[in-house]
Amino acid sequence: MKRLRSLVMVLLLLGMAPAFAVQPDEILADPALEARARNLSRELRCMVCQNQSIDDSDAPLARDLRLLVRDRLLAGDSDDKVLDFLTQRYGAFVLLNPPFNWSTALLWLAPLAVLVAGGAVLLFTLRRRRFVSADPTPLTPDEQRQLNDLAGR
Amino acid sequence: MIPEIGHYALVLALGLAMIQAVVPLWGARLRDDTLMGTAGPTAFAQLAFAAIAFAALTACYVYSDFSVANVFENSHSAKPLIYKITGVWGNHEGSMLLWVLILALFGALVAYFGDNLPATLKANVLAVQSWIAAAFYIFILGTSNPFLRLAEAPFEGRDLNPILQDIGLAIHPPMLYLGYVGFSISFSFAIAALIEGRIDAAWARWVRPWTLAAWMCLTAGISMGSYWAYYELGWGGWWFWDPVENASLMPWIAGTALLHSAVVMEKRNALKIWTILLAILAFSLSLIGTFLVRSGVLTSVHTFATDPTRGVFILAILTFFIGGGLALYAWRAPVLKQGGLFAPLSREGALVLNNLFLTTACATVFIGTLYPLALEALTGDKISVGAPFFNLTFGPLMVPLLLAVPFGPLLAWKRGDLLGVAQRLTAAWMCGLITVAVTFAITRGGPILAPFAIGLAVYVMVGALTDIFERAGLLRVPFPTAIRRAGGLPRSAWGTAFAHFGLGATLLGIVCESNWNTERIVTLKPNETVSLRSYELTFDGMTTRQGPNYRELTAKFTVRSGGTVVDVMEPSKRNFASRGTSTTEAALLTRGFSQIYLSLGDPAADGALAIRLYHKPLVLLIWLGTVLMVFGGALSLSDRRLRVGAPKPAKKSALQPAE
């Protein structure tokens, strides 16, 4: 029944102007389950939009995915299992939070790497400059003579 | 005729830009005053012709001249006049024309105000500025000409995308471009300094105010775009970590870093080489932002590949200016003399720390935005990098930075006393800790990290005021004396305080909105009531109305609090027949700094209506904070040391308007 109703809704939506994201009839009766569904929706990408989560998107496909997430939750899946299920179906592209693996290691480690590298360069520069300031090169006799001339001594 | 005049003016502007790009540079090499002197007049003339071109396109829009392809594709005769005008930059070609107009404007401003600059520096700066201008004129004329005619003029235009027909989006792009393009001044100055192989006092005096002005415009532009998204897109989101937003955030972060390092350079003559690099990076990121938005590469690497003319052209501009700038830097920067020395614990040190974290944050956004594109291009794997990634990486990077913010202005130059400053910040961290405790007590069982973030925001806000309070001697001297002293403080000190206070306020708004936002998604029939926090909203009914170029469905809701009527909210949906699209116009009810947000879904056949209703606590602080930041920037810009400037010859200053 729920399936049929959602199908009718999708057909209606297709013919109409864009509706908004989460529809009243999608919301699950159990608030805890619904909260989980909302959190999961925020991590999933709407495949036909530009960088929108299915929670924000008003595309019919996003609605299908939202209903799918809720169906899986009702069937008793854990959050991770739902994400796994969707990744298997749609690939890693569906995850807005890219999982850590070989192809994303550079992405995830980059901020830390930049911070550490920047900090290291900074420490190195400061240390080198402190040496310079602590032990300035003494004037050559020639420079000392010029200085004395300038000072009128 | 008008489009042809515009087209011709644009070609002339290109010609002038080419002269300005070569002759002053040559003159600076030969130390020839006549050749260097051409820079000023050509800059003014270039502005005049760019303005004529822009005015011509605007005229085509105002008169709805649909024989011009650009007007036909983006305008409609029934559109209100204001959106006919703003529609000029609501499309690719027009917005690029605005881009070069602003570029020419900045060039002319440098020529006008630059009398106190050393002649060779001024000539070099204006020449570099003109290289950029020439590249973009060629880009417009070659790939994005807004003046192309259609063989047969259609009777009616296709109209502007309805969600762009809004006052917020009318002002957002020009502000953003003023910021993007404003950084071209810092860039030109940096390149000129590298060409000359020296940086003097005039350089530092000049770069900071221009960077500040550009930064203010960029801040306002981003903030306005965010508020527009908030009220127009219908679900109350204000930041999505969308690549287009990231494209504007990156130059903003780099610009913020530049602003702070330029202070060190101006006051202490240190960090010169780093400041030059930041100036190059800030504008490079502006160019990258333009490339990302304008080339279509964001939608997919494949859209880019199907129509690559524009993208490849911008990519070439990008490579030339960024690659050239960085190569010149690598070659010439070692020639520049390093300036003043300082201990790690000093105001200089604090500003270096600020730069380290801002640069890392900027790199994070950069990598997060471009990684999916690079990965797809290299391996064909498609991944998404969205809000969760940025929240996880950008957020933690901001925490140490925010903790350090109040320390900066309190530390002494050259050698500071960290413990002493921590003591002087007692009020700030005490307020912060109390806020954490109180927030925990009120929101028991709520989000764990949020109270700490609130405490951090309060700490930043109180910390920002500490400097002013201390220097005014509040609580130590009689109150009127303190007020008088506060009034006598340099405006730059006030500017810093306002900007940092604004940062805290924005953080407070962000944390409250994202953690304690209440949402109701329900279907209502007329005369039914929905409750939200302490408010009750009754759905009174719907009416339809005909607007100038749309039909509008308006629902009326009465808002009650404790039985008494507070206000009426009228959200609506607009249907634009010309494009067959519709927009949601959310209704906002402001209570203090919080807002009730109401947007409409679709009406069902039985008269029921789906609505989304939010209570967003302290949400307005997000944007008010940025207003304070801009205001702080303006105060700092009006500081005496910038207003007075270097001494000028008396006879010249008599001809200039009073400042």
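Predicted, not measured: the structure shown is a model, and the values here were computed from it.

Looking only at helices and strands, one finds 24 helices and 10 strands in chain B. Here the C-alpha radius of gyration of chain B, 27 Å, is about what a compact globule of 659 residues would show, namely 26 Å. By its C-alpha atoms, chain B is 80 × 75 × 60 Å across when sized along the principal axes. Buried positions account for 58% of the 659 residues belonging to chain B. When contacts within chain B are restricted to residue pairs at least 6 apart in sequence, those whose partners lie at least 24 apart make up 73%. Taken together, the 47 basic and 37 acidic charged side chains of chain B have centroids lying 12 Å from each other.

Turning to a nonpolar patch on the surface, a few remarks are in order. A surface patch of nonpolar side chains, about 610 Å² in accessible area, is lined by B:W429, B:M430, B:L433, B:I434, B:V438 and B:I442. For B:I442, a relative accessible area of 66% gives the class exposed.

Another point: the packing of aromatic side chains. All names here are of chain B. Throughout the structure, instances matching the rule amount to 29 aromatic pairs over all chains. Centroid distance Y177 to Y180: 6.3 Å. Interplanar angle 20 degrees. Geometry classified as stacked. Taken together, the residues span about one helical turn, with Y177 and Y180 both in helix α8 (residues 167–196) at a distance of 3 residues. On the numbers, 5.7 Å between centres and 20 degrees between planes, the contact of F189 with W206 is stacked. Of this pair, F189 sits in helix α8 while W206 sits in helix α9 (residues 201–232), and the two are 17 residues apart along the sequence.

Turning our attention to the confidence of the model for chain A. Averaged over chain A, the pLDDT score is 78; the fraction of residues at 70 or greater is 80%. Note that pLDDT drops below 50 for residues 1–19 of chain A; the model gives that stretch 24 contacts with residues more than four away or on any other chain.

Let's shift gears to the interface of chain B and chain A. Contacts between the two partners involve 45 residues from chain B, matched on the other side by 43 residues from chain A. Taken together, the two surfaces of chain B and chain A that pack against each other cover about 3,600 Å², and 67% of this comes from carbon and sulfur. Looking at the side of chain B facing chain A, the largest losses of area belong to B:Y371, B:S384 and B:I521, adding up to 16% of the total buried there. A salt bridge links B:E519 to A:R38; the nearest nitrogen and oxygen atoms lie 2.4 Å apart. Counting every contact that joins chain B to chain A gives 6 residue pairs in polar contact (both at pLDDT 80 or more).

Moving on to the pairing of strand β10 (residues 609–616) of chain B. Residue and element names in this part refer to chain B. Extensive coverage of β10 is indicated by the burial of 8 of its 8 residues. Relative to β10, strand β1 (residues 518–524) runs antiparallel, the two being bridged by 7 bridges. Residue pairing across strands places T523 opposite A610, the latter belonging to β10. Sheet topology places strand β9 (residues 594–603) next to β10; 7 bridges connect them, and they run antiparallel. Bridge pairing in β10 places L598 opposite L613. Here β9 folds back onto β10, and the loop between the two strands holds 5 residues, one of which, G607, carries a positive phi near 85 degrees.

Residues and elements named next belong to chain B. Spatial ordering of the open sheet is given by β1-β10-β9-β8, a layout of 4 strands whose pairing is antiparallel. Looking along the sheet, the strands with just one partner apiece sit at the ends: β1 and β8 (587–591). Ignoring strand direction, the axes of neighbouring strands in this sheet form an average angle of 15 degrees. Note: β8 against β9, 5 bridges, orientation antiparallel. Paired with L588 across the bridge in β9 is Y597.

Moving on to the pattern of salt bridges. Counted under the stated rule, the structure contains 22 salt bridges over all chains. For A:R38, the salt bridge goes to A:D55, with nearest N and O atoms at 2.8 Å. Of this pair, A:R38 sits in helix α2 (residues 31–42) while A:D55 sits in the loop between α2 and α3 (60–74), and the two are 17 residues apart along the sequence. In this pair, the class of A:R38 matches that of A:D55, namely buried. Between B:D65 and B:R149 there is a salt bridge, with the nearest N and O atoms lying 3.6 Å from each other. Residue B:D65 is located in the loop between α3 (39–62) and α4 (69–74), and its partner B:R149 is located in the loop between α7 (119–143) and α8; the two are separated by 84 residues in the primary sequence.

Our focus in this paragraph is the environment of B:M569. All names here are of chain B. Mapped onto the elements, M569 comes out in strand β5 (residues 564–569). M569 gets classed as buried once you look at its relative accessible area, which sits at 2%. For the pair M569 and A586, spaced 17 residues apart in the sequence, the C-alpha separation amounts to 9.2 Å. Contacts of M569, omitting those with residues within four sequence positions, involve L537, A555, K556, F557, V559, A587, L588, L589, I596 and L598.

Quick look at unusual backbone geometry now. All names here are of chain B. Even without being a glycine, N269 presents a positive backbone phi close to 60 degrees. Residue placement: N269 occurs in the loop between α10 (243–268) and α11 (272–295). For N527, which is not a glycine, the phi torsion comes out positive at approximately 75 degrees. Topologically, N527 is positioned in the loop between β1 and β2 (529–532). By relative accessible area, N527 is classed as exposed at 61%.

With that settled, consider the packing of α10(B) against α11(B). Residues and elements named next belong to chain B. Running from N to C, α10 and α11 point in directions that differ by 165 degrees, and their axes come no closer than 8 Å. Regarding the angle of α10 to α11, the classification is roughly antiparallel. In the crossing of α10 with α11, the sense of the turn from one axis to the other is left-handed. Taking contact as the criterion, the partners of V244, A247, M250, P251, A254, G255, A257, L258, S261, A262 and M265 in α10 are, on α11, K272, W274, T275, L278, A279, A282, L285, S286, G289, L292 and V293. Its residues placed into classes, the contact of α10 with α11 shows 16 nonpolar, 5 polar and 1 charged.

Here is what the cut-offs are and how they apply
Residues numbered from 1 in each chain as written. Chains lettered and ligands numbered in written order. Predicted model: local features only at pLDDT ≥ 70, side-chain atom pairs only at ≥ 80, totals over all residues. Heavy atoms only, no water. Helix = DSSP H or I, 4+ residues; strand = E, 2+ residues; numbered from the N terminus. Rg over C-alpha atoms; globule rule 2.2 N^0.38 Å. Buried < 20%, exposed > 50% of the residue type's maximum accessible area, 1.4 Å probe, protein only. Contact = heavy atoms within 4.5 Å. Lys, Arg positive; Asp, Glu negative; His and termini not counted. Charge placed at Lys NZ, Arg CZ, Asp CG, Glu CD. Patch = residues over 30% accessible without salt bridge, like charges linked within 9 Å, V, L, I, M, F, W, Y side chains within 5 Å. Areas by Shrake-Rupley, 256 points an atom, 1.4 Å probe, with all protein chains shown as cover. Salt bridge = Lys/Arg side-chain N within 4 Å of Asp/Glu carboxyl O. Phe/Tyr/Trp six-rings, centres within 6.5 Å; stacked < 30°, edge-to-face > 60°. pLDDT = per-residue confidence, 0-100. Buried area = accessible area lost by both parts, 1.4 Å probe. Polar contact = N/O pair within 3.5 Å; in protein donor to acceptor, adjacent residues only side chain to side chain. Pairing = 2+ DSSP bridges. Axes fitted to C-alpha atoms, helices over the stretch in contact; angles between N-to-C directions. Parallel < 35°, antiparallel > 145°, perpendicular 65-115°, else oblique. Left-handed = near helix turned anticlockwise from the far one by under 90°. Nonpolar A, V, L, I, M, F, W, Y, C, P; charged D, E, K, R; others polar.

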